[in-house]
Amino acid sequence: MKKFNTIFVVDDDMVYHFIIKKLFSKCNIDVDTKYFFNGLEAIDELKDKVETDNIPDLILLDINMPVYDGWQFLEEFKKIKQKLTKEITVYLVSSSNDVTDLNKSKEYQDEVKKYYYKPMTQEDFETIFA
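All values reported here derive from a predicted model rather than from experimental measurement. (Residues numbered from 1 in each chain as written. Predicted model: local features only at pLDDT ≥ 70, side-chain atom pairs only at ≥ 80, totals over all residues. Heavy atoms only, no water.)

A. Structural detail: the nonpolar core. Counting 25 residues, the largest nonpolar core has Leu46, Ile59, Leu61, Phe73 and Leu74 as its most contacted members. For this core, the secondary structure elements donating two or more residues are strand E1 (6–10), helix H2 (39–48), strand E3 (58–61), helix H3 (70–80), strand E4 (89–94) and strand E5 (112–117). Element by element, the count of residues in this core is highest for H3, at five residues. Membership of the second largest hydrophobic core comes to 19 residues, among which are Cys27, Leu58, Met120 and Ile128. (Core = buried A, V, L, I, M, F, W, Y, C linked by side-chain atoms within 4.5 Å. Buried < 20%, exposed > 50% of the residue type's maximum accessible area, 1.4 Å probe, protein only. Helix = DSSP H or I, 4+ residues; strand = E, 2+ residues; numbered from the N terminus.)

The following block contains the structure:
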């Protein structure tokens with residue numbers, strides 16, 4: 001069985017979506033991936049599927065996005081996560097190396113497993129998916 005079967009990529013950057021698709025291909029990772037351009041789209045999808053098994057195993061979440069940023073997504077995620085039928089692993093993936101963002105990510109230690117810097121590398125993917 002694979003470590004992750006279904007993934008949400010939540011990021012407003014089309015180039016990042018392209019890079020992630022290339023990394024999946026390069027690393028021979030075959031997963032069902034859904035792409036969202038802001039946190040509101042992703043949290044709405046999660047809320048629609050909250051009591052089903054059709055939720056992601058992994059979320060790669062950007063911080064800086066329009067509509068709902070990563071922090072707003074995490075606030076909503078906190079409210080619904082106990083209703084989910086399985087645990088979801090969340091990684092923050094951001095180009096921000098601002099100490100404020102790093103410190104803020106620690107406030108979500110129950111939701112966020114790790115903070116990765118963009119651009120993600122093949123080594124990052126191998127760490128996540130190994």
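Anyway, onward from the coordinates.
B. Just the environment of Thr52, in detail. Examined against the element boundaries, Thr52 turns out to sit in the loop between H2 and E3. Note on Thr52: relative accessible area 33%, which makes it partly exposed. C-alpha of Thr52 to C-alpha of Lys78: the two residues are 26 residues apart in sequence and 18 Å apart in space. In this structure the side chain of Thr52 is engaged in a polar contact, spanning 2.8 Å, whose partner is the backbone oxygen of Lys49. (Polar contact = N/O pair within 3.5 Å; in protein donor to acceptor, adjacent residues only side chain to side chain.)

C. Quick peek at the pattern of salt bridges. In this structure the tally under the stated criterion is eight salt bridges. Among the salt bridges present, the one from Lys49 reaches Glu45, with a minimum N-O distance of 3.1 Å. Between Lys47 and Glu76 there is a salt bridge, and its shortest N-O distance comes to 2.9 Å. Note that Lys47 is positioned in helix H2 and Glu76 in helix H3, a separation of 29 residues in sequence. On the accessibility criterion, Glu76 (14% relative accessible area) is buried. (Salt bridge = Lys/Arg side-chain N within 4 Å of Asp/Glu carboxyl O.)

D. View of the packing of aromatic side chains. Within this structure, the stated rule accounts for nine aromatic pairs. Where Phe73 meets Phe77, the ring centres are 5.9 Å apart and the plane angle is 15 degrees; that geometry is what we call stacked. On the criterion of helical spacing, the pair formed by Phe73 and Phe77 is a turn pair, its members being four residues apart in helix H3. Grouping residues by exposure puts Phe73 and Phe77 together as buried. Every member of this aromatic cluster is reached through a ring pair, and the members are Phe4, Phe24, Phe125 and Phe129. Just above the ring of Tyr35 sits the side chain of Lys21; from NZ or CZ to the centre is 4.8 Å. Against the face of Tyr16 rests Lys118, its NZ or CZ located 4.6 Å from the ring centre. (Phe/Tyr/Trp six-rings, centres within 6.5 Å; stacked < 30°, edge-to-face > 60°. Lys NZ or Arg CZ within 6 Å of the ring centre and 35° of its normal.)

E. Seen up close, the pairing of E3. Across the two faces of E3 the burial is the same, with Leu58 and Leu60 and Ile59 and Leu61 all buried. Direction of pairing for E1 relative to E3: parallel, over a ladder of four bridges. Paired with Val9 across the bridge in E3 is Leu60. The pairing of E3 with E4 spans four bridges and is parallel. Bridged to Leu60 within E4 is Tyr91. (Pairing = 2+ DSSP bridges.)

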